[in-house]
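The lines below spell out each chain.
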Amino acid sequence: MKKLPKGISTFQEIIEDNYVYVDKTKYIHKVINTGKLYFLSRPRRFGKSLLISTLEELFKGKKELFKGLYIYDKWDWTKKYPIIRLDFGKIAHKNPETLENSLDDFINQKARDNSINLISKTLTSKFAELIEEIHKKFKSKVVILIDEYDKAISSHIDDIEIAKENKTILRDFYQVLKSCDKHIHFLFIAGIAKFAKTSIFSDLNNVDDITIHPKYVNICGYKQNDLESYFKDYINEISIEINMDYDDLISSIKKWYNGYSWDGKNFLYNPFSILKFLDTGKFANYWFDTGTPKMLIDLIKKDSVDIEVLTRKKSKFLGIFPNFELENLDFSTVLLQTGYLTIKKETISPGEQSEYTMAIPNKEVEESLFSYIIGNYTNYSAEKIEPMTRNMLNYIIQLDEENLQKSFEILLYKIPNLIYGEIKHELEAYYKILFISWIQLLGFDIEGEIMSIKGRLDAILKHNDLVLIIEFKFSKDKSFDEMLKEAEKQIIDKEYYKPYQDKNVLILAVAFKPKDVKCQLKTLKDVLI
């Protein structure tokens with residue numbers, strides 16, 4: 001068997017050292033032969049760097065590396081192009097001065113590599129001169145490949161001033177690409193976030209954003225048939241090792257790791273996670289280990305976060321892939337661009353913009369998101385959260401209100417006073433987010449803020465034949481008993497239970513006071529008596 005390319009993003013190494021390469025050259029061939037200037041957004045660890053590396057070797061004319069791939073007999077190997085590859089993962093950016101100096105060092109190094117003497121002094125002028133001089137020297141237009149173009153901005157979302165100053169530097173830097181258009185043969189820019197007003201998308205307005213372009217939705221990531229053809233031997237081995245039927249194993253793999261989409265039709269695996277699974281043969285949350293943006297927690301602590309985004313109730317956007325606005329970050333946009341939400345459906349109406357429905361991609365990402373939220377609020381590690389949620393599920397099923405109450409208390413009391421101090425207001429929504437995150441990890445099918453004929457209920461959880469109807473109440477002044485009675489009365493008066501009378505219905509009322517909580521768990525039958 002060929003080796004698994006875990007963590008390897010260099011095309012030449014994958015080919016020469018006998019690693020599995022899932023052929024993406026069909027999409028690359030189409031991209032190159034259709035246009036000139038491109039931008040692609042994908043979440044972290046989704047194969048962007050490997051795509052950039054593949055483009056680099058192709059334009060270098062490394063024919064031997066592409067033998068057996070789609071593009072092999074469709075490319076003019078006699079043509080080779082000078083390449084400027086800029087990887088912002090290697091550019092220091094802790095502050096604007098460091099970013100500018102690091103970019104200057106990069107330009108100077110590229111000039112030395114090509115035996116070019118630059119006379120310009122400013123950063124933008126030197127970049128423009130470098131592109132022009134390389135074109136002159138090699139008598140061929142330049143291919144420019146930029147990886148992680150947004151890293152110097154998105155890494156500083158928690159310090160908005162540094163992010164804004166870095167964005168200003170990059171705006172001026174990227175403006176050069178427009179003025180140097182006649183010297184550029186091909187430009188490909190990849191990153192996680194699509195920031196508005198960085199000149200790539202404003203001044204350089206002819207860059208083609210292919211993030212949700214229907215022809216290129218599969219340019220990164222693995223399709224289902226990729227998984228079952230390129231990695232079939234690994235799947236068979238795991239099936240035997242864990243004594244699980246092949247089809248059942250495939251079904252579980254899809255539930256855990258499939259589900260990313262940029263058109264609502266083609267669904268993909270994140271290469272990082274699925275390769276980790278194929279290597280270990282163990283279902284686990286590998287996404288969590290790749291890191292989660294701190295800005296998610298920062299946004300959750302703001303009053304403006306919509307709790308519906310954190311449940312299975314779907315969010316939507318219209319038309320083009322949404323931009324990041326540094327001064328006004330939108331929570332659902334952050335989740336979409338970082339991979340915690342993905343497109344599940346495109347609705348097309350004649351003469352109107354497409355409407356895209358978003359949802360959490362899969363079980364792994366769901367666990368990552370809610371474990372991260374709970375972990376940041378309570379200082380619990382993911383290893384501690386999982387067994388506690390398992391116990392909590394048993395308490396609900398067994399109607400063990402006493403131990404369920406203790407679980408809620410443990411969760412709430414673990415929140416450090418420091419975090420309470422960071423919250424501007426004691427809001428009911430804050431507690432809902434925390435507890436829905438906790439309950440989400442129980443394995444229920446959860447929906448939040450559900451509209452019924454008579455009103456809006458806070459959450460419904462479904463697990464096999466069990467339906468748990470939850471109503472939250474918050475007050476600084478009312479007693480717990482008052483709030484619990486109000487929650488229970490609201491469920492009955494609004495008849496939230498009516499659609500589920502053929503199920504085993506439980507009623508959970510949860511009452512919050514600042515830094516305190518009380519719950520009440522009953523069967524529907526007991527409540528109606």
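Residues numbered from 1 in each chain as written. Predicted model: local features only at pLDDT ≥ 70, side-chain atom pairs only at ≥ 80, totals over all residues. Heavy atoms only, no water.

Visitor: Is there a simple way to explain the overall build of the chain in this structure?
Guide: When you go through the chain residue by residue, the secondary structure sums to 20 helices and 13 strands. For the chain, restricting intrachain contacts to residue pairs at least 6 apart in sequence, the fraction spanning at least 24 positions comes to 69%. Surface accessibility of the chain: about 23,700 Å² in total, with carbon and sulfur atoms responsible for 46%. (Helix = DSSP H or I, 4+ residues; strand = E, 2+ residues; numbered from the N terminus. Contact = heavy atoms within 4.5 Å. Areas by Shrake-Rupley, 256 points an atom, 1.4 Å probe, with all protein chains shown as cover.)

Visitor: Help me understand the environment of S125, please; the structure alone is not making it clear to me.
Guide: In this structure, S125 sits in helix α5 (residues 123-138). Here the alpha-carbon distance between S125 and V176, two residues 51 residues apart in the chain, equals 7.9 Å.

Visitor: Would you take a moment to explain the sheet that holds strand β6 (residues 315-318) for this structure?
Guide: Sheet strands pair via backbone hydrogen bonds, and the direction of the pair is either parallel or antiparallel. Taken in spatial order, the three strands make up an open sheet running β6-β8-β7, and their pairing is antiparallel. Edge positions in the open sheet fall to β6 and β7 (342-347), since each of these has one partner strand only. Mean inter-strand twist for the sheet, computed between neighbouring axes without regard to direction, equals 30°. Examined bridge by bridge, β7 and strand β8 (residues 355-359) share five bridges and lie antiparallel to one another. Bridge assignment links E346 to a residue of β8, and that residue is Y356. (Pairing = 2+ DSSP bridges. Axes fitted to C-alpha atoms, helices over the stretch in contact; angles between N-to-C directions.)

Visitor: Hey, could you run me through the pairing of strand β13 (residues 516-523) in this one?
Guide: Each regular strand shows side chains that alternate between the opposite faces of the sheet. Bridge analysis of strand β12 (residues 504-513) against β13 gives eight bridges, and the strand direction is antiparallel. Residue L506 lies in a different strand from β13, and its bridge partner there is T523. The antiparallel pairing of β12 with β13 creates a hairpin that spans two residues between the two strands, and K515 there sits at a positive phi of about 65°.

Visitor: Help me out: how do you make sense of helix α4 (residues 96-113) in this one?
Guide: Since one α-helical turn is 3.6 residues long, residues separated by three or four positions face the same way. In a regular helix each residue adds 1.5 Å, so 18 residues correspond to 26 Å; α4 covers 26 Å between its end C-alpha atoms and thus fits that length. For α4, the full list of buried residues reads P96, L99, S102, L103, F106, I107, K110 and A111. Of the surrounding secondary structure, the elements contacted by the buried residues of α4 are β2 (83-87), α5, α6 (151-154) and α7 (160-179). Once α4 ends, the next one or two residues include S115, with phi positive near 55°. (Expected span 1.5 Å × (residues − 1). Buried < 20%, exposed > 50% of the residue type's maximum accessible area, 1.4 Å probe, protein only.)

Visitor: Please explain the side chain of S261 as it appears in this structure.
Guide: With respect to the helices, strands and loops of the structure, S261 is situated in the loop between α10 (246-257) and α11 (271-280). Within polar-contact distance, the side chain of S261 engages the backbone nitrogen of G264 at 2.8 Å. (Polar contact = N/O pair within 3.5 Å; in protein donor to acceptor, adjacent residues only side chain to side chain.)

Visitor: What is the right way to look at the pattern of salt bridges in this model?
Guide: For the structure on display, the rule yields 21 salt bridges. Between K126 and D104 there is a salt bridge, with its nearest N and O atoms 2.9 Å apart. Of this pair, K126 sits in helix α5 while D104 sits in helix α4, and the two are 22 residues apart along the sequence. On the basis of relative accessibility, which here comes to 8%, the residue K126 falls in the buried class. Residues E402 and K406 are paired through a salt bridge, measuring 3.7 Å at the closest nitrogen-oxygen approach. Of the two residues, E402 and K406 are both situated in helix α16 (residues 401-413); the distance of four residues between them amounts to about one turn of the helix. With relative accessibility at 57%, the residue E402 sits in the exposed group. (Salt bridge = Lys/Arg side-chain N within 4 Å of Asp/Glu carboxyl O.)

Visitor: How should the sheet that holds strand β3 (residues 142-147) be read in this particular structure?
Guide: On the basis of which strands lie adjacent, the open sheet formed by five strands has the order β2-β3-β4-β1-β5 and parallel pairing. Bordering the open sheet on either side are β2 and β5 (208-209), each of which pairs with just one other strand. Relative to strand β4 (residues 184-191), β3 runs parallel, the two sharing five bridges. Bridge pairing in β4 places I144 opposite L187. The strands touched by helix α3 (residues 48-59) are β1 (37-41), β2, β3 and β4; relative to β4, the strand with the most contacts, the crossing angle is about 165°. Across the sheet, α5 is in contact with β2, β3 and β4; its angle to β3 comes to roughly 140°.

Visitor: Would you explain the packing of α4 against α5 in this entry?
Guide: The packing of two helices is summarised by the inter-axis angle and the distance between the axes. At their nearest, the axes of α4 and α5 sit 10 Å apart, and the two run at 25° to each other. Relative to α5, α4 is oriented roughly parallel. Here α4 runs over α5; the crossing is left-handed. Counting all contacts with α4, which are made through E100, L103, D104, I107, N108, K110 and A111, the residues of α5 involved are L123, K126, F127 and L130. Along the lines of polarity and charge, the residues of the contact of α4 with α5 split into six nonpolar, one polar and four charged. (Parallel < 35°, antiparallel > 145°, perpendicular 65-115°, else oblique. Left-handed = near helix turned anticlockwise from the far one by under 90°. Nonpolar A, V, L, I, M, F, W, Y, C, P; charged D, E, K, R; others polar.)

Visitor: Just to check I follow, could you spell out the packing of aromatic side chains for this structure?
Guide: Working definition: an aromatic ring pair is given by the centre-to-centre distance plus the angle between the planes. This structure, assessed with the given rule, holds 28 aromatic pairs. Between Y72 and W77, the aromatic rings sit 6.4 Å apart at their centres with planes inclined by 45°, giving tilted as the arrangement. The exposure class assigned to Y72 is partly exposed, which follows from its relative accessible area of 27%. Relative to Y286, the ring of Y257 has its centre 6.3 Å away and its plane inclined at 25°; by these criteria the two rings are stacked. One end of the pair, Y257, is in helix α10; the other, Y286, is in the loop between α11 and α12 (295-300), and 29 residues separate them in sequence. A relative accessible area of 1% means that Y257 is categorised as buried. Residue Y286 is classed as buried on the basis of its relative accessible area of 7%. (Phe/Tyr/Trp six-rings, centres within 6.5 Å; stacked < 30°, edge-to-face > 60°.)

Visitor: Please explain the nonpolar core as it appears in this structure.
Guide: Most often, soluble globular proteins keep nonpolar side chains buried together rather than apart. Among the nonpolar cores identified, the biggest contains 83 residues, and F59, F186, F188, L404, F408, L508 and V510 are the most heavily contacted of them. Sorting elements by how many residues they give to this core places α3 first, with six residues. Setting aside anything within four residues of it in sequence, one finds L404 in contact with M392, Y395, I396, L508, C519 and L521. Counting 44 residues, the second largest nonpolar core, distinct from the first, contains I134, I144, I146 and Y174. (Core = buried A, V, L, I, M, F, W, Y, C linked by side-chain atoms within 4.5 Å.)

Visitor: Help me understand the confidence of the model for the chain in this model?
Guide: The predicted structure's coordinates, where accompanied by low pLDDT, should not be read in detail. Put simply, the chain has an average pLDDT of 85, and 84% of its residues get 70 or more. In the predicted structure, residues 417-426 sits below a pLDDT of 50 and forms 18 contacts with residues beyond four places in sequence or in another chain. (pLDDT = per-residue confidence, 0-100.)

Visitor: Help me out: how do you make sense of the packing of α10 against α11 in this one?
Guide: α11 packs onto α10 with a crossing angle of 140° between their chain directions and a minimal axis gap of 11 Å. Once α10 is placed against α11, the crossing between them reads as right-handed. On the side of α10, the interface is formed by L249, I253 and Y257, while α11 contributes S273, I274 and F277. Partitioned by chemical class, the residues of the contact of α10 with α11 number five nonpolar, one polar and no charged.

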